Amino acid sequence: MRSSLFLVVVLVCGLVSAQLRGLPERVQKLETDNDVLVKSRVAFAAALNNDSTNQWTSVEAGETDKTLEFKKVITNIGNGYDPATGYFTAPIKGLYYIQVTGVVGSNGQLNAGMKKNGENIFAIYHKAGIQASASNGVTMALEQGDRLCVQLWAGQTIADQGRLSTFTGFLVFPM
């Protein structure tokens, strides 16, 4: 009976010892997984107008395309959006959903495009009276450091009141 008990104690001690030897690697893996999870939280939403009075404002492109600076940051988890430049920079590689909505300006039409690293990805267009809107969105793979912006095409205007013209996006999943 004593030898059986002794054998059980030796076996249990051996199993516990073996499990403890792998503990540092498992802790390190958990820390790494948690770090990836924290970094994979990315979402932004910004409106063109930062005016709290809800007055109509317009932005004109002039003779060349103009990068829009969406000044009213509503959400910026992961700090990828910069309202000073109007650019979103992907903090991690992954699949993202991006959407742009714009309100027609005083010239009665709206033409703007979302660009990735200078390349046109999609556009929004509307030709109607003032205060009409257009919206478009895309799911796209981005590498860490890819830059997105919205450019108003030459000769166009975009309007905003109460955060109607927006640039938004979020990470669907990291890759």
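Shown above is the structure to which this text applies.
Structural notes, computed from the coordinates. Throughout, a residue's number is its position along its own chain's written sequence, starting from 1. With the structure being a predicted model, the display of local features is reserved for residues of pLDDT at least 70 and the display and counting of side-chain atom pairs for 80 or more, all residues being used for whole-chain, interface and lining totals. Side-chain numbers here rest on the full set of heavy atoms in the structure, without hydrogens or water.

1. Details of the overall build of the chain
Then step 1. For the chain, the count of helices and strands is 2 helices and 13 strands.
Then step 2. By the convention used here, residues are in contact when the closest approach between their heavy atoms is within 4.5 Å. At a minimum sequence separation of 6, the contacts of the chain that also span at least 24 residues come to 74%.
Then step 3. Using the Shrake-Rupley algorithm and a 1.4 Å probe, accessible areas are obtained, with residue cover drawn only from the displayed protein chains. About 10200 Å² of surface is accessible on the chain, with carbon and sulfur atoms providing 56% of the total. Secondary structure counts use DSSP, requiring at least four H or I residues in a row for a helix and at least two E residues in a row for a strand, with both numbered from the N terminus.

2. Description of the nonpolar core
Then step 1. What is meant by a nonpolar core is a set of buried Ala, Val, Leu, Ile, Met, Phe, Trp, Tyr and Cys residues, joined one to another through side-chain atoms within 4.5 Å. For the exposure calls, accessible area comes from a 1.4 Å probe over protein chains only, and a residue counts as buried if that area is under 20% of its type's maximum, exposed if over 50%, partly exposed in between. With 30 residues, the main nonpolar core has Phe-88, Tyr-96, Met-114 and Phe-167 as its most contacted residues.
Then step 2. At the level of secondary structure, the elements contributing two or more residues to this core comprise strand 1 (43–47), strand 7 (94–104), strand 8 (109–116), strand 9 (119–127), strand 10 (133–142), strand 11 (147–152) and strand 13 (166–174).
Then step 3. Looking at this core, the element that brings in the most residues is strand 7, giving 4 residues.

3. Quick word on the packing of aromatic side chains
Then step 1. Centre distance within 6.5 Å is the pairing criterion for rings of Phe, Tyr and Trp, where only the six-membered ring of Trp is used; planes under 30 degrees apart are then read as stacked, over 60 as edge-to-face, and the remainder as tilted. Here the structure, examined in full by the defined rule, presents 7 aromatic pairs.
Then step 2. Consider the rings of Phe-44 and Tyr-81, whose centres lie 5.7 Å apart with planes at 5°: the pair is stacked. You can see Phe-44 sitting in strand 1 and its partner Tyr-81 sitting in strand 5 (residues 81–82), a full 37 residues away along the chain. Here the two residues Phe-44 and Tyr-81 agree in accessibility, since each one is buried.
Then step 3. The rings of Phe-44, Phe-70, Tyr-81, Phe-88, Tyr-96 and Phe-167 are connected pair by pair, giving a single aromatic cluster.
Then step 4. A ring is scored as having a charge over it whenever the NZ atom of a lysine or the CZ atom of an arginine sits within 6 Å of its centre and within 35 degrees of its normal. The aromatic ring of Tyr-87 is capped on one face by Arg-147, whose charged end is 4.0 Å from the ring centroid.

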